[in-house]
Amino acid sequence: MRLIIAIIKPFKLDEVREALTQLGVTGMTVSEVKGFGRQKGQTEIYRGAEYATNMVPKVKIELVCDTDIAARAVETIQQAAGTGNIGDGKIFVLDVAEAVRIRTGETGEAAL
């Protein structure tokens, strides 16, 4: 099993979710986060005054999937979330040692 963590632009969430659902991903966790990378923040206007923020709003998607579809899931996220501009985000892939479904006690891939 693989844990995929993707940091993407907020307006791309629906496209990514739909693409992953078509791939067969059955669940994910989504969090609103802030951070910065090469973008180094952004400039905004509030009540007529311009100010710089050093944190950019993003969405973090976390999902655990079978090892067999992990590479396709990463490719799907990359295609659905990509705009070709700076700040499109990052994808991280980690190994998962164990998963347990709390309700039934199922373990491993059956718990997904």
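For clarity, every value in this text was computed on a predicted model and none was experimentally measured.

## Notes on the layout of surface pockets
Right, on to step 1. Counted as a void, the largest pocket has a volume near 320 Å³.
Right, on to step 2. Phe-36, Gly-37, Arg-38, Gly-89 and Lys-90 are the residues nearest the centre of the largest pocket, which is lined by 15 residues in total.
Right, on to step 3. Of all the secondary structure elements, the ones that give two or more residues to the lining of the largest pocket are β2 (29–35), β5 (56–65) and β6 (89–95).
Right, on to step 4. For the lining of the largest pocket, the element with the highest residue contribution is β2, accounting for three residues.
Right, on to step 5. Residue composition of the lining of the largest pocket, grouped by class: five nonpolar, five polar and five charged.
Right, on to step 6. Estimated volume of the second largest pocket: approximately 170 Å³.
Right, on to step 7. Here the element with the most residues in the lining of the second largest pocket is β5; it accounts for three residues.

## Quick notes on the sheet that holds strand β1 (residues 2–8)
Right, on to step 1. If you trace the four strands from one edge of the open sheet to the other, you get β2-β5-β1-β6, paired in antiparallel fashion. Whereas interior strands pair on both sides, the edge strands pair on one side only; in this sheet they are β2 and β6. Between one strand and the next, the sheet's axes are offset by a mean angle of 20 degrees, whatever the strand orientation.
Right, on to step 2. Direction of pairing for β1 relative to β5: antiparallel, over a ladder of seven bridges. Looking at the pairing, Arg-2 lines up with Cys-65 of β5.
Right, on to step 3. Against the sheet, helix α1 (residues 13–23) engages β1, β2 and β5, with an angle of about 10 degrees to β5.
Right, on to step 4. Most of the contacts of helix α2 (residues 67–81) go to β1, to which it runs at about 5 degrees, and overall it touches β1, β5 and β6.

## What about α1?
Right, on to step 1. Of the positions making up α1, those classed as buried are Val-16, Ala-19 and Leu-20. All buried residues of α1 fall inside an arc of 95 degrees around its axis, so they share one side.
Right, on to step 2. Taken together, the buried residues of α1 touch β1, β5 and α2.

## Brief notes about the pattern of salt bridges
Right, on to step 1. Summed over the entire model, instances satisfying the criterion amount to four salt bridges.
Right, on to step 2. The closest approach of N and O atoms between Lys-12 and Glu-15, which form a salt bridge, is 3.3 Å.
Right, on to step 3. Residue class for Glu-15 comes out partly exposed when judged on its relative accessible area of 40%.
Right, on to step 4. Here Glu-106 makes a salt bridge to Arg-101, at a shortest N to O gap of 2.8 Å.
Right, on to step 5. The class for Arg-101 is partly exposed, based on a relative accessible area of 25%.

Conventions and cut-offs
- Residues numbered from 1 in each chain as written.
- Predicted model: local features only at pLDDT ≥ 70, side-chain atom pairs only at ≥ 80, totals over all residues.
- Heavy atoms only, no water.
- 1 Å grid on protein atoms, 1.4 Å probe; cavity = no way out; pocket = protein on both sides within 12 Å on 5 of 7 lines; lining within 4 Å.
- Points joined across faces, edges and corners; volume = space filled by probe spheres on them.
- Helix = DSSP H or I, 4+ residues; strand = E, 2+ residues; numbered from the N terminus.
- Nonpolar A, V, L, I, M, F, W, Y, C, P; charged D, E, K, R; others polar.
- Pairing = 2+ DSSP bridges.
- Axes fitted to C-alpha atoms, helices over the stretch in contact; angles between N-to-C directions.
- Contact = heavy atoms within 4.5 Å.
- Buried < 20%, exposed > 50% of the residue type's maximum accessible area, 1.4 Å probe, protein only.
- Arc of directions from axis to C-beta.
- Salt bridge = Lys/Arg side-chain N within 4 Å of Asp/Glu carboxyl O.

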